[in-house]
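# Close look at the chain arrangement
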Amino acid sequence: MTLPKGVYVVPTDRWYIERTVWLIAGLVLLGCTVLAVLVDPLWIFGVIATGLVSINVALTGFCPIGNVLKLFGFKPALGQPNRGSLYFLQTDSWYLERRIYVTVGINIILGSILFLTVSPWWGLFTGFVGTAMVWFAATGLCILANVLYWIGAEPRLNPGALRAGSAGAKHA
């Protein structure tokens, strides 16, 4: 099996539900991590809650924030069709973007547990993940998405965005 090459970048030409969820989750992670480090360590439970929601989205497709965004008129890029007024992420296969939700959820929960039980320095990890999510939403470039792509995960959001050395990404 030949492993993919190039850089995977998601579309940034509009604010669709999934991209906005990544931005909101990243800001929540950053905010809760900073508050846990500077004010009260119990703020890290905001990070844990975000991780649990992320895992839930990956497993069931139901995203509470995505549903609120849908009420505000945001359109899904990976939403299940024919779900009425509710937003559900597609769960028909374990495509790259769905794997991001579960991987991020597990990592920030583990980082939070280590923050509470081992050292507050683990807040750097949850802060890094939050920063990476904000960066992902802003630029379309994600370290985790590219690692998953390089090891064979199939992207669904923007398979046309793959590039090997070109200056710009194509948008679907």
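Scroll up for the structure.
The sections below set out a description of the structure shown in this document.

The rules behind these values
Residues numbered from 1 in each chain as written. Predicted model: local features only at pLDDT ≥ 70, side-chain atom pairs only at ≥ 80, totals over all residues. Heavy atoms only, no water. Helix = DSSP H or I, 4+ residues; strand = E, 2+ residues; numbered from the N terminus. Rg over C-alpha atoms; globule rule 2.2 N^0.38 Å. Contact = heavy atoms within 4.5 Å. Areas by Shrake-Rupley, 256 points an atom, 1.4 Å probe, with all protein chains shown as cover. Salt bridge = Lys/Arg side-chain N within 4 Å of Asp/Glu carboxyl O. Buried < 20%, exposed > 50% of the residue type's maximum accessible area, 1.4 Å probe, protein only. Polar contact = N/O pair within 3.5 Å; in protein donor to acceptor, adjacent residues only side chain to side chain. Core = buried A, V, L, I, M, F, W, Y, C linked by side-chain atoms within 4.5 Å. Patch = residues over 30% accessible without salt bridge, like charges linked within 9 Å, V, L, I, M, F, W, Y side chains within 5 Å. Arc of directions from axis to C-beta.

### As for the overall build of the chain
Helix and strand counts for the chain stand at 6 helices and 0 strands. Each helix and strand of the chain, ordered N terminal to C terminal, gives the series α-α-α-α-α-α. The C-alpha radius of gyration computed for the chain amounts to 16 Å, which stays within 12% of the reference 16 Å derived for 172 residues, consistent with globular compactness. Of all intrachain contacts in the chain linking residues separated by at least 6 positions in sequence, the fraction that spans at least 24 positions is 72%. Accessible surface, the chain: about 8900 Å² in total, of which carbon and sulfur atoms supply 71%.

### Focus: the pattern of salt bridges
It is possible for side chains bearing opposite charge to pair when their charged atoms get close. Inspection of the entire model under this criterion finds 1 salt bridge. The salt bridge involving D92 is made with R156; its shortest N-O contact spans 2.7 Å. A residue pair is termed long-range when its members are at least 10 positions apart, and D92 in the loop between α3 (64-71) and α4 (96-117) and R156 in the segment after α6 (143-150) qualify at 64 residues. Since its relative accessible area comes to 27%, R156 is described here as partly exposed.

### Remarks on the environment of T33
Examined against the element boundaries, T33 turns out to sit in helix α1 (residues 17-38). Separated by 91 residues in the primary sequence, T33 and L124 place their C-alpha atoms 8.2 Å from one another. Dropping the residues within four chain positions of it, T33 is found in contact with V47, G123, T126 and G127. A distance of 2.9 Å separates the side chain of T33 from the side chain of T126, its partner in a polar contact.

### Focus on the environment of Y101
Mapped onto the elements of the fold, Y101 is located in helix α4. Owing to a relative accessible area of 6%, Y101 belongs among the buried residues under this scheme. When the C-alpha positions of Y101 and W22 are compared, they lie 9.3 Å apart, and in sequence the two are 79 residues distant.

### A closer look at the nonpolar core
Formed by 39 residues in total, the largest nonpolar core has its most connected members in W22 and L96. Listed by contribution, the elements that provide at least two residues to this core are α1, α2 (44-60), α4, α5 (123-139) and α6. Considering every element that reaches this core, the biggest residue donor is α4, with 8 residues. Residues within four places of L96 in sequence aside, it is in contact with Y8, A145, L148, Y149, A153, E154 and P155.

### Remarks on a nonpolar patch on the surface
A cluster of nonpolar residues, V34, L35, V37, L38, V39 and W43, forms a patch on the protein surface that exposes about 570 Å² of accessible area. Counting through the fold element by element, V39 comes out in the loop between α1 and α2.

### Comments concerning α6
Three or more residues of α6 are buried, namely A145, N146, L148 and Y149. Looking straight down α6, one finds that the buried residues subtend no more than 160° of arc, so they occupy a single side. Next to the buried residues of α6 lie α4. Following α6 by one or two positions, G152 adopts a phi angle in the positive range, close to 115°.

### Things to note about unusual backbone geometry
In this model, N82 sits at a positive phi of 60°, which is unusual for a non-glycine residue. We classify N82 as exposed; its relative accessible area is 79%.

### Considering the side chain of S54
One can find S54 in helix α2. For S54, a relative accessible area of 10% translates into the label buried. Dropping the residues within four chain positions of it, S54 is found in contact with Y101, V102 and G105.

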